[in-house]
Each structure stands twice: as C-alpha cells, then as structure tokens.
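Geometric and topological summary
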Amino acid sequence: MNLPDIESRLAGGGEPLTFDEALALAELPTEELPALIAAAHRVRLARAGPGVELESIISAKTGGCAEDCAFCSQSRHWPSPVRPEPFLDVVALIDAARRSEQLGATEFCIVLAVRGPDDKIMRQTLEAVEALHEATRLRVACSLGILTPDQAGALAAAGVHRYNHNLEAARSFFPQIVSTHSWEERHQTCRMVREAGMELCSGGIMGMGESMRQRIELAFELAELGPREVPINFLNPRPGTPLGGAGLLPALEAVRMIALFRLVMPAAVLRPAGGRELILRDLQALGMLAGANALIVGNYLTTLGRSVADDLRMLADLGMPVARLAP
C-alpha cells in the first residue's frame, strides 16, 4: 500500500480510490494512522479548499415517527423520553435561523421526524422556506424523509438549496436497523433529489454494530450517489431504543473513518455530526485534520452539542477559515 501515491492521485483529481485500497487503508496499524490523517487533510485542501462550512439544524417536528429506526429516540415504537411535538410555527423558525446566522452559519436545515411529508407538512414547509428566505440570507435545507418526484420538484422550485436524506448504513447492514422501509427507498429519494436540481446531503451512522467492511461499503454507495455533503454521525446510544445499550465507537476509529470517507469522496463537504462530542471528545480537532471541512454548530435533533464559541475557537486554533456566503 503506497499511501503517498494514492494521495498524489486523489489530490490531482486522478482515478478514485478503489474498494480494495480503502480496505487496505482501513487495516493500517495505529502507528500509521497519523500518515493517513495527514494524507486525507492534504487531499481535502487540494480538492475542497480550506474553508469550513457551518450549518445549524432545527427539529421542526419532533417525535412520534412511525418508522422503527433502531438508533432513533423519535420513533414511536420505542419507550424513549422524547415526546411528540407539532410543527414549529414560522416565528420560532425565523428566530432560530437568525441566531444561527449571527453565529456564522451559512446553512439552516429544517428537519422533521416523519416517514415522508403529507400535503399539510409540504404546505407548512414551503411556507417556512419562503419566510426564511425573506428574513435571512441563509441557504435553506430540508430533511423531510422519503419524497415523491412531485414533492422533490416543489422543494427545488421553492429554492431549497440542499436536501438531507441519509442512507444511514450499508445496504447489506440496513435491514438490521430498520424494518418499516427499505434501503432502496432511501436510495431512490437520494436520486430524486439530484434529478430535481437540489444538492444532495447524505451520510450515515458509525458504531451501530456494522463491520469495517460495511462502513466502507456505505462510503462507496454514497460516492455513487454523488452527494455534495456527507454527514458522518457516530452512534450516541439513546435510552429506550434497541441500541440504547450499545458500546461507544473508539475515538481513533472514528478519526480513521473520517479520513477514509475523505479519500473515497475527495471533493465532498464532509461534516462530523451527531455524536462527535461524545465519541471524539478531545480528538475533535484531529477529526478536522483528518479531512473534515464542515460542522453542525449548536444542538442536534434530540441531543445537545457543544458551545459554538468552542467550535469557532477550535477552527481558529487550527487556522481553518469559516466559509462565508458571497456578498
């Protein structure tokens, strides 16, 4: 395994990483991990630039979801402490968006705990998107679950910049964590998003019991879809869910996955997301140096993040500029 040759090829826009190369890099001994991290960082700089994109997300409709995702405390199938809440009113969404903008975020994502939007949710979402565009300069993203072609077209026509729909896990592992919908349904929505003209945001969760090979399978399945943004989530076991008693992914293993995903998708916006504070702990800066170029700032859907000031200080210490919207 010649890591310098792989780095040079990927940084220069040459042939993409092969599956066998990714497997070999995943098996590098721990003492060689610093070299892998450095290579991923240099590829990121060459292909994606130095800027770090900040995004804020809001749970606009929380809990009561009919799907049985084993990791999710918002499913009504599990006895979790999360209680269902209705769609937030537009005033609350605008207030949250303005706070995010003041903190330096350029993207604001409306997230709903649903299988997919019905007519009422679509109407509420489109009204919210219009209001956010009028009240802020933020790019508005959405995550509303499984879409129809008409719904994808309506969101794109409303100016939704990016749509999040995570594959969550490799096709071979997915049936072990969800039974109420299929991996293929998720994959189809991801394709629909791009066909409608929106940027695709799609990633997954590490640490649910999948093998290293299955994590690499997920990376290549995502690469085939061509997402602009790839959230890398780390399982934060939630009380009451089937994965509530799962162990935590080791921090260095999480850093290795960030580096591998960067090498599989050299030009993507790679965003360590849910669970990063719990899993990476003091290695969050190392995760940024392993190829990440984006962060979610503030809280997540049902868990707390860390202070925005701490994230901004970390980026300043690393000499990583925050990406800004063009005037």
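For every chain, the first residue of its written sequence is number 1, and the numbers climb from 1 along that sequence. This being a predicted model, a pLDDT of at least 70 is required before a residue's local features are given, and a value of 80 or more before pairs of side-chain atoms are given or counted; all residues contribute to the totals for chains, interfaces and linings. Side-chain metrics in this entry use all non-hydrogen atoms of the structure; hydrogen atoms and water are not considered.

**As for the packing of aromatic side chains**
How two aromatic rings sit relative to each other is set out by the distance from centre to centre and by the angle between their planes. Selection criterion: The rule is short: rings of Phe, Tyr and Trp, with Trp giving its six-membered ring, pair when the centres are within 6.5 Å, and they are stacked under 30 degrees, edge-to-face over 60, tilted in between. A run of H or I in DSSP counts as a helix once it spans at least four residues, and a run of E counts as a strand once it spans at least two, with each numbered from the N terminus. Residue exposure (1.4 Å probe, protein chains only): buried if accessible area is under 20% of the type maximum, exposed if over 50%, otherwise partly exposed.
Tallied over the entire structure, the rule returns one aromatic pair. With a centroid separation of 5.4 Å and 55° between ring planes, the pair formed by Phe 19 and Phe 220 is classed as tilted. Of this pair, Phe 19 sits in helix H2 (residues 19-26) while Phe 220 is found in helix H8 (residues 212-225), placing the two residues 201 residues apart along the sequence. Of the residues examined, Phe 19 reaches a relative accessible area of 23% and is grouped as partly exposed. According to the relative accessible area criterion, Phe 220 is partly exposed, its value standing at 21%.

**Topic: the pattern of salt bridges**
Short version of the rule: In what follows, salt bridge is the name for a side-chain nitrogen of Lys or Arg lying within 4 Å of a carboxyl oxygen of Asp or Glu.
Tallied over the entire structure, the rule returns 22 salt bridges. When the shortest N-O distance is used, the salt bridge between Arg 9 and Glu 21 registers 2.7 Å. Remark: Glu 21 occurs in helix H2 and Arg 9 occurs in helix H1 (residues 3-11); sequence separation between them is twelve residues. Glu 21 gets classed as buried once you look at its relative accessible area, which sits at 17%. Close ionic contact of Arg 276 with Asp 311 constitutes a salt bridge, the shortest N to O distance being 2.7 Å. Here the residue Arg 276 occupies a position in helix H10 (residues 276-280), and Asp 311 occupies one in helix H12 (residues 308-318), the gap between them amounting to 35 residues. With a relative accessible area of 2%, Arg 276 lands in the buried category.

**Considering unusual backbone geometry**
In this structure, Glu 168 takes a positive phi of about 75° despite not being glycine. The topology assignment puts Glu 168 in the loop between strand S4 (162-164) and helix H7 (183-196). A relative accessible area of 8% means that Glu 168 is categorised as buried. Phi is positive for Arg 281, close to 50°, though the residue is something other than glycine. With respect to the helices, strands and loops of the structure, Arg 281 is situated in the loop between H10 and helix H11 (284-289). Overall, the relative accessible area of 48% leaves Arg 281 in the partly exposed class.

**Observations concerning the confidence of the model for the protein**
Rules: The pLDDT score gives, residue by residue, the confidence of the prediction method on a 0 to 100 scale. Contacts: residue pairs with any heavy atoms within 4.5 Å of one another.
Put simply, the protein has an average pLDDT of 91, and 93% of its residues get 70 or more. A low-confidence stretch, residues 299-304 (pLDDT under 50), is modelled with 19 contacts involving residues beyond four sequence positions or located in other chains.

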